[in-house]
Amino acid sequence: MPVLDLSIDTLLTTTRTVRKRLDLARPVEPQVIRECLELALQAPTASYSQDWHFIVVTDPQQRQALATIYRKGAARYVELMTPVYQQPMASNEQEASTLARVIDSGRYLIEHLHEVPVHVIPCIQGRTENMPTIAQAARWGSIMPAAWSFMLAARSRGLGSSLTSFHLFFEQEAAEVLGIPYEEVMQAALIPVAYTLGTDFKPAARKPLESVLHWDRW
Ligand SMILES: Cc1cc2nc3c(=O)[nH]c(=O)nc-3n(C[C@H](O)[C@H](O)[C@H](O)COP(=O)(O)O)c2cc1C
């Protein structure tokens, strides 16, 4: 049962990346995760055989192991991105302050991931390495809508989450921790989930629609 009284448009605009406002002390009932996943299973899938899988991790040692891999992935990301970050990235003050907040919040999650009570890892059968675009689109497109539905359902129940990918730098190591058959099953993300501290979230600043909209042709 949803606990927050949100309109559909409010749900769609206020389901944000939550890191610093995750309540790390409050347990999350397995039942609420199951409800959100039941809803996620209604997302579109390219395959009638529904090739998705969802690993829910609550065991503290498993979360610790994933957090260690995530941290290593984050360090790799920073290493790769350092030359990019050395260029001025923000074009105005608002962008600069958003970027600074995302970096600060990202750092918080790196430090606290093991404390987040639930990690959800959406997976899809079939690896996309060396596949043609159509096949890649079908694989990724058969898991990301479900992941997003899960995050929306979570928000409607007072839970916060974030879509993360750093651990995928070392996906095979995470597969070993979780017992995933790496050659056949691809992890798409790691979604930390917890109740939020307060439930009021605001829409994000985005580029104006006109700057990204192409009607009839590019
Ligand atoms: C595909 C994808 C991968 C992401 N990977 C990470 C990640 O590994 N770690 C992280 O802290 N945030 C990650 N993010 C979140 C972004 O860095 C960014 O903070 C977020 O999209 C902004 O959310 P907001 O629009 O709710 O403010 C990812 C987002 C997406 C869509």
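All values derive from a computational prediction rather than experimental measurement.

Colleague: Just checking my understanding: could you explain a nonpolar patch on the surface for this structure?
Modeller: Together, L209, V212, L213 and W215 line one region of the surface with nonpolar side chains, adding up to about 450 Å² of accessible area. Along the chain, V212 turns up in the segment after strand 5 (191–195).

Colleague: Looking at this model, I keep getting lost on the site of the ligand. Mind explaining?
Modeller: As a structural note, the neighbourhood of the ligand is formed by R16, T17, R19, Y70, V102, L163, T164, S165, F166 and R206. Interatomic distance of 3.1 Å between a backbone N/O atom of L163 and a nitrogen atom of the ligand. Residue R206 places a side-chain N or O atom 2.9 Å away from an oxygen atom belonging to the ligand. Compared with its free state, where it exposes 630 Å², the ligand has 65% of that area covered by protein. Grouping the amino acids of the shell around the ligand by side-chain chemistry returns 4 nonpolar, 3 polar and 3 charged.

Colleague: What is the right way to look at helix 3 (residues 60–86) in this model?
Modeller: For an α-helix the count is 3.6 residues per turn, leaving residues at separations of three or four pointing the same way. Taking 1.5 Å of rise per residue, the 27 residues of helix 3 would be expected to cover 39 Å, and the 37 Å separating its terminal C-alpha atoms lies within 8% of that figure. Along helix 3, the residues that are buried comprise R63, L66, A67, I69, Y70, G73 and A74. Among the structural elements, strand 1 (52–57), helix 4 (93–112), strand 2 (118–125) and helix 7 (171–178) are those in contact with the buried residues of helix 3. Residue D59 occupies the N-cap position of helix 3, its side-chain oxygen lying 3.1 Å from the main-chain nitrogen of Q61.

Colleague: What is the right way to look at the environment of A174 in this model?
Modeller: Position of A174 relative to the elements: it lies in helix 7. On the basis of relative accessibility, which here comes to 0%, the residue A174 falls in the buried class. Sequence-wise, A174 and Q187 are 13 residues apart; in three dimensions their C-alpha atoms are separated by 8.9 Å. Ignoring sequence-local partners within four residues, the contact set of A174 consists of L66, I69, H167 and Q187.

Calculation notes
- Residues numbered from 1 in each chain as written.
- Predicted model: local features only at pLDDT ≥ 70, side-chain atom pairs only at ≥ 80, totals over all residues.
- Heavy atoms only, no water.
- Patch = residues over 30% accessible without salt bridge, like charges linked within 9 Å, V, L, I, M, F, W, Y side chains within 5 Å.
- Areas by Shrake-Rupley, 256 points an atom, 1.4 Å probe, with all protein chains shown as cover.
- Salt bridge = Lys/Arg side-chain N within 4 Å of Asp/Glu carboxyl O.
- Helix = DSSP H or I, 4+ residues; strand = E, 2+ residues; numbered from the N terminus.
- Near = heavy atom within 4 Å.
- Polar contact = N/O pair within 3.5 Å; in protein donor to acceptor, adjacent residues only side chain to side chain.
- Nonpolar A, V, L, I, M, F, W, Y, C, P; charged D, E, K, R; others polar.
- Expected span 1.5 Å × (residues − 1).
- Buried < 20%, exposed > 50% of the residue type's maximum accessible area, 1.4 Å probe, protein only.
- Contact = heavy atoms within 4.5 Å.

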